[in-house]
Each structure stands twice: as structure tokens, then as C-alpha cells.
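Below are the chains, spelled out letter by letter.
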Amino acid sequence: VQLQASGGGSVQAGGSPRLSCVASELTFSSYAMGWFRQNPGKEREFVATISRSGVVTYSRDSVKGRFTISRDNARNTVYLQMNSLNPEDTAVYYCAAASTLILTTRRTPDAYAYWGRGTQVTVSS
């Protein structure tokens, strides 16, 4: 299984990059997906999750109204559209495939079976 994230980089505050994560060797449509982020010395924190069909999504409070998770099962890809970025959003962003369909448990890293390598997003003010 491979999850390849891309789309990160250095952006100005207020920018709107879109992260993509392409899955391979995985029955993508059978997995709920999630995005997490992490800074050095800190725990990996939940950003957003999406159901298998893409109908149900859930995000952490600090990104609600700014970040949107979506997926294209035909392309085996999950996206994270990030708007109105601020420096506090700086982190390595990881996509992951969940081992559970239960929404509430998908806020923790332990609920995910497969992880990508991450893509760095650096927001400058």
C-alpha cells in the first residue's frame, strides 16, 4: 500500500493550496480517509476525515470553514483544500487510510492502518 501526498510548499498567509494524496495497492473506495498534521516535538493532530462515499466529512474546529476534505474514488485520490492559511497551519501534512468506519474514532491516529510520508506546508506571515 502506498499513499503519496503532494501539493505542499511555502505559501503566504491567506494562501489556498490544495493537497492531494493518491493511493495505490489499496481498494481505495473501501476506506475512509483522513488528514493529519504534525510539527517537530508535537503529537500528530487530526485535521479532517471523509467517509468512503465522500458524503460525510468531519474537521477539527480550528480548520472548519477554511479547509475542505474531498475524494475522487475513480482517481484513488483524497484532497485537502486549504484556504485562509495562517502560520499556525504550518506542519507536515499526512494522509491516511482508516481501519474503522466509525467517525468519532477517526480523530485519533490509532484508527488508521496506512500512512503516507507527508508533505510540508509552511505558511509565512
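Every value quoted in this text rests on a predicted model; they were computed, and no experiment measured them. (Residues numbered from 1 in each chain as written. Predicted model: local features only at pLDDT ≥ 70, side-chain atom pairs only at ≥ 80, totals over all residues. Heavy atoms only, no water.)

A. Summary view of the layout of surface pockets. Here the largest pocket is characterised by a volume of approximately 150 Å³. The wall of the largest pocket is formed by Arg37, Gln38, Asn39, Lys42, Glu43, Glu45, Pro87, Glu88, Thr90 and Ala91. Grouping the constituent residues of the lining of the largest pocket by class yields two nonpolar, three polar and five charged. (1 Å grid on protein atoms, 1.4 Å probe; cavity = no way out; pocket = protein on both sides within 12 Å on 5 of 7 lines; lining within 4 Å. Points joined across faces, edges and corners; volume = space filled by probe spheres on them. Nonpolar A, V, L, I, M, F, W, Y, C, P; charged D, E, K, R; others polar.)

B. Seen up close, the state of the cysteines. Taken as a whole and assessed by the stated rule, the structure comprises one disulfide. With its sulfur 1.9 Å from that of its partner, cysteine 21 forms a disulfide with cysteine 95. Torsion about the S-S bond of the cysteine 21 and cysteine 95 cystine: about 55°, corresponding to right-handed handedness. With cysteine 21 in strand 3 (residues 18-24) and cysteine 95 in strand 9 (residues 91-98), this pair connects stretches of sequence that are 74 residues apart. (Disulfide = S-S within 2.5 Å. Helix = DSSP H or I, 4+ residues; strand = E, 2+ residues; numbered from the N terminus.)

C. Highlighting the sheet that holds strand 3. A sheet is described by the order of its strands in space; here four strands give the open sequence 1-3-8-7, paired in antiparallel fashion. With partners counted over all chains shown, the strands left at the sheet margins are strand 1 (2-6) and strand 7 (67-72), one partner each. Each neighbouring strand pair of the sheet contributes to a mean axis angle of 15°, computed without reference to strand direction. The pairing of strand 3 with strand 8 (residues 77-82) spans five bridges and is classified as antiparallel. Within strand 8, the position partnered with cysteine 21 by the bridge is valine 78. (Pairing = 2+ DSSP bridges. Axes fitted to C-alpha atoms, helices over the stretch in contact; angles between N-to-C directions.)

D. Molecular detail of the packing of aromatic side chains. Counting across every chain of the model gives seven aromatic pairs. Seen from their ring centres, tyrosine 31 and tyrosine 114 are 6.1 Å apart, and the 70° between their planes marks the pair as edge-to-face. With a gap of 83 residues between them, tyrosine 31 in the loop between strand 3 and strand 4 (33-38) and tyrosine 114 in strand 10 (residues 112-115) connect regions that are remote in the sequence. For tyrosine 114, a relative accessible area of 32% corresponds to the partly exposed category. Pairwise contacts between aromatic rings join Phe36, Phe46, Tyr58, Tyr94, Tyr112 and Trp115 into one cluster. When the ring centre of tyrosine 94 is taken as origin, the NZ or CZ atom of arginine 44, which lies over that ring, is 3.8 Å away. Seen from the ring of tryptophan 115, arginine 44 lies directly overhead, with NZ or CZ sitting 4.7 Å from the centre. (Phe/Tyr/Trp six-rings, centres within 6.5 Å; stacked < 30°, edge-to-face > 60°. Buried < 20%, exposed > 50% of the residue type's maximum accessible area, 1.4 Å probe, protein only. Lys NZ or Arg CZ within 6 Å of the ring centre and 35° of its normal.)

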